[in-house]
Amino acid sequence: MARVELRNVTKKFGKVLAVDRASLVVDDKEFFSLLGPSGCGKTTLLRIIAGLEFPDEGDVLIDDRVVTRLPPKDRDVAMVFQNYALYPHMTAFDNIAFPLVVRRRELNLSKDEIRKRVVEVARLLNIEELLKRYPSQLSGGEQQRVALARALVRRPKVWLLDEPLSNLDAKLRIIMRSELKKLQKTLGITTIYVTHDQVEAMSMADRIAVMNKGRVLQVGTPDELYHKPADTFVATFIGAP
């Protein structure tokens, strides 16, 4: 089970209120999307769940366990960044293996077990033939798959995705939406996906939290948000697609 809960989470950067008393629950194995315009606080909220930022107020719970002040390594979550953050001097294999290598003793893994896991996740993402290449030798879509594989190889409880498709061209974005959704269902992994693209959220997510100016305005299924918006902002933001 990997249930994520936020309770009245608030985060300020100086005088800027980035997240304002945000509360929500993400169910086990759910594909949940944080949707809103640029600067609405969705990425900050994702970073708080990851442990890359600590809230000024409120709590973060994973599996009913308070993890608010725990570092990222103790939360059993994995994050895919918008720019992929691949190490340029490492091959695709070494990039994917990195989370296992740095925690090899803790996870009690042999080199053969690490190789087996890397090949397994590479096969899942259809990048087996790319493992010897460096990031500079990969296309944008291939780099993205390597970043996804690196996040999944550790078999985390929660998968956090920060606009991972935004650097891809329109055609590839549509293909990857379908592949990501299929992958998430196959793995049965709790997923929180940040996007500013309404169509992306509506077509992929089981439920969506619409955010604006640091606040969670409404949480619901795509159908609920479209047909029963809580206010004018939600109606206009969701209505266009």
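Residues numbered from 1 in each chain as written. Predicted model: local features only at pLDDT ≥ 70, side-chain atom pairs only at ≥ 80, totals over all residues. Heavy atoms only, no water.

1. Some words on the overall build of the chain
Here's step 1: A count of helices and strands for the chain gives 9 helices and 10 strands.
Here's step 2: Taking 2.2 N^0.38 as the reference for a compact globule, 241 residues should give roughly 18 Å; the C-alpha atoms of the chain span a radius of gyration of 18 Å, in line with that estimate.
Here's step 3: Overall, the chain is about 55 × 40 × 35 Å in size when its C-alpha atoms are taken along their principal axes.
Here's step 4: Of all 241 residues assigned to the chain, the portion counted as buried reaches 50%.
Here's step 5: Residue pairs at least 24 apart in sequence account for 65% of intrachain contacts in the chain once pairs closer than 6 positions are excluded.
Here's step 6: Here the chain displays about 11800 Å² of accessible surface, and carbon together with sulfur accounts for 49% of that area.
Here's step 7: A distance of 3 Å separates the average location of the 38 positive side-chain charges in the chain from that of its 31 negative side-chain charges. (Helix = DSSP H or I, 4+ residues; strand = E, 2+ residues; numbered from the N terminus. Rg over C-alpha atoms; globule rule 2.2 N^0.38 Å. Buried < 20%, exposed > 50% of the residue type's maximum accessible area, 1.4 Å probe, protein only. Contact = heavy atoms within 4.5 Å. Areas by Shrake-Rupley, 256 points an atom, 1.4 Å probe, with all protein chains shown as cover. Lys, Arg positive; Asp, Glu negative; His and termini not counted. Charge placed at Lys NZ, Arg CZ, Asp CG, Glu CD.)

2. Describing the confidence of the model for the chain
Here's step 1: Scored by pLDDT, the chain comes out at a mean of 91, with 99% of its residues at no less than 70.
Here's step 2: Across the chain, the element-wise mean pLDDT spans from 82 in helix α3 (residues 104-107) up to 97 in strand β3 (residues 31-35). (pLDDT = per-residue confidence, 0-100.)

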